[in-house]
Amino acid sequence: MKAPTRRVASVLVMTAAVGLIATMAIPAYAFSVDGAFDPVTSSSLTESQSLASDQQQGPMVVARDNYEAPSQAELQAQQAAEAAAAAAAAQAAALKLSSNSAVTANAYPSVVPPEVQALAQQLMDAVASGKLVGSHPDHIKEIQYLANGQVVPNCGVDYRVLQTIKVAVDNFGKVGVSDINRLCTGQVEGAGSISPHNRNGGGHAVDFYILNGHSLTGGDSDSMKLLRVLDPLVPPNSDVGQSECRASGSGFVNLSEFNDSCTHLHIDFITARGASLLPES
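Cut-offs used in this document
- Residues numbered from 1 in each chain as written.
- Predicted model: local features only at pLDDT ≥ 70, side-chain atom pairs only at ≥ 80, totals over all residues.
- Heavy atoms only, no water.
- Helix = DSSP H or I, 4+ residues; strand = E, 2+ residues; numbered from the N terminus.
- Buried < 20%, exposed > 50% of the residue type's maximum accessible area, 1.4 Å probe, protein only.
- Contact = heavy atoms within 4.5 Å.
- Areas by Shrake-Rupley, 256 points an atom, 1.4 Å probe, with all protein chains shown as cover.
- Polar contact = N/O pair within 3.5 Å; in protein donor to acceptor, adjacent residues only side chain to side chain.
- Pairing = 2+ DSSP bridges.
- pLDDT = per-residue confidence, 0-100.
- Axes fitted to C-alpha atoms, helices over the stretch in contact; angles between N-to-C directions.
- Parallel < 35°, antiparallel > 145°, perpendicular 65-115°, else oblique.
- Left-handed = near helix turned anticlockwise from the far one by under 90°.
- Nonpolar A, V, L, I, M, F, W, Y, C, P; charged D, E, K, R; others polar.
- Salt bridge = Lys/Arg side-chain N within 4 Å of Asp/Glu carboxyl O.

Describing the overall build of the protein chain
Step number 1: The helix and strand inventory of the protein chain stands at eight helices and seven strands.
Step number 2: Expressed as a percentage of its 281 residues, the buried residues of the protein chain come to 34%.
Step number 3: Nonlocal contacts in the protein chain, meaning residues at least 24 apart in sequence, comprise 68% of its contacts between residues at least 6 apart.
Step number 4: Total accessible area on the protein chain is roughly 17000 Å²; 58% of this is exposed by carbon and sulfur atoms.

Details of helix α8 (residues 221-230)
Step number 1: Looking at α8, one finds that the buried residues are D222, S223, M224, L226, L227 and L230.
Step number 2: The inward-facing, buried residues of α8 contact α6 (159-171), β3 (205-211), β4 (214-215), β5 (238-240), β6 (255-257) and β7 (265-268).
Step number 3: Capping of α8 at its N-terminal end is provided by D220; its side-chain oxygen lies 3.2 Å from the backbone amide nitrogen of D222.

Here's the deal with the pairing of β3
Step number 1: A large share of β3 lies buried, amounting to six of its seven residues.
Step number 2: Bridge analysis of strand β2 (residues 175-179) against β3 gives four bridges, and the strand direction is antiparallel. Across the sheet, residue V175 finds its bridge partner in β3, namely L211.
Step number 3: Pairing of β3 with β7 involves four bridges; the strand directions are antiparallel. Residue V206 lies in a different strand from β7, and its bridge partner there is I267.
Step number 4: Here β3 folds back onto β4, and the loop between the two strands holds two residues, one of which, N212, carries a positive phi near 55 degrees.

Remarks on the confidence of the model for the protein chain
Step number 1: With 67% of its residues at a pLDDT of at least 70, the protein chain reaches an overall mean of 79.
Step number 2: Counting interchain partners and residues more than four positions distant, the pLDDT-below-50 stretch residues 20-53 has two contacts.
Step number 3: Within the model, the stretch residues 92-105 combines pLDDT values under 50 with 29 contacts to residues more than four positions away or in other chains.

Quick notes on the packing of α6 against α8
Geometrically, a packed helix pair is captured by the angle between its two axes and the distance between the axes.
Step number 1: Running from N to C, α6 and α8 point in directions that differ by 120 degrees, and their axes come no closer than 11 Å. Between α6 and α8, the crossing angle belongs to the class labelled oblique. You can see that α6 and α8 cross each other, and the crossing is right-handed. From α6, T164, V167, A168 and N171 reach across to α8, where they touch K225, L226, V229 and L230.
Step number 2: Looking at the contact of α6 with α8 residue by residue, the class counts come to five nonpolar, two polar and one charged.

Re the packing of helix α4 (residues 114-129) against helix α5 (residues 140-147)
Step number 1: Here α4 crosses α5 at 130 degrees, and the two axes come no closer than 7 Å. It follows that α4 is oblique to α5 by the angle criterion. Between α4 and α5 lies a crossing whose hand is left-handed. Residue-level contacts link V116, Q117, A120, Q121, L123, M124 and V127 of α4 to I140, I143, Q144, L146 and A147 of α5.
Step number 2: When its residues are assigned to classes, the contact of α4 with α5 shows nine nonpolar, three polar and no charged.

Quick word on the pattern of salt bridges
Pairing between side chains becomes possible if they bear opposite charge and their charged atoms approach one another.
Step number 1: Tallied over the full model, the rule gives six salt bridges.
Step number 2: When the shortest N-O distance is used, the salt bridge between E189 and R182 registers 3.9 Å.
Step number 3: Under the relative-accessibility criterion, E189 is labelled partly exposed at 36%.
Step number 4: The partner of R182 in a salt bridge is D207, with the nearest N and O atoms 4.0 Å apart. Highlighted residues: R182 in helix α7 (residues 182-185) and D207 in strand β3, separated in sequence by 25 residues. In this structure, R182 and D207 share a single accessibility class: buried.

Given below as structure tokens:
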């Protein structure tokens, strides 16, 4: 090859090389503009989205019920109460005895025993002060006879009834007695002649119609207070009415419950196993 030809070939090669280099540099230049690699900032990415609606929207309310799980202390207290009620019921069942062994089958004595007269006199003092009242017909006179040392036919009062009235007077501001010995007043009501108000000479039951000056249902708070005080004091197989007026499972030990009207509080000793109440502590 001649020299001029070689020079032309060299120029062509150099020209092609320069063109190739320029072509490869074009993409790099396209992505190296100012700010091309700066972090992207956009309000559309940083602002929270909102939803447009034709209707006015209120705040969302999440419905929840009011249930709260009981605490460990509440669960333990409930279990203890249930255990105590079960133990009391078991003890009460063990104390249920036949009425054939009741003390009240004997007739009243021909004279008023000194302890009976002394207790009746204390109750008449409560009558004088207004703490103990009667109703109609008034059975307070039966207590008055005993306080005077009088034995009046068909007007005897079970000593345990007198003691029960005294417990009520000691624990409440005003006590009302509506019924004791129906033979003394000529009453025949409810269970009739088989009622402990009439049976075995009468006077083996007492009906309270007032405690702390208000009427009773047998299940009200003051009725329950009196029963709670009496239960450990009365002999086994003592009876109390108004069972349907109270919550079931009252847990009494010595008091046996039966159905009666919710207008008073009935307590009787017609089948009780003991001649006297224990003294109050």
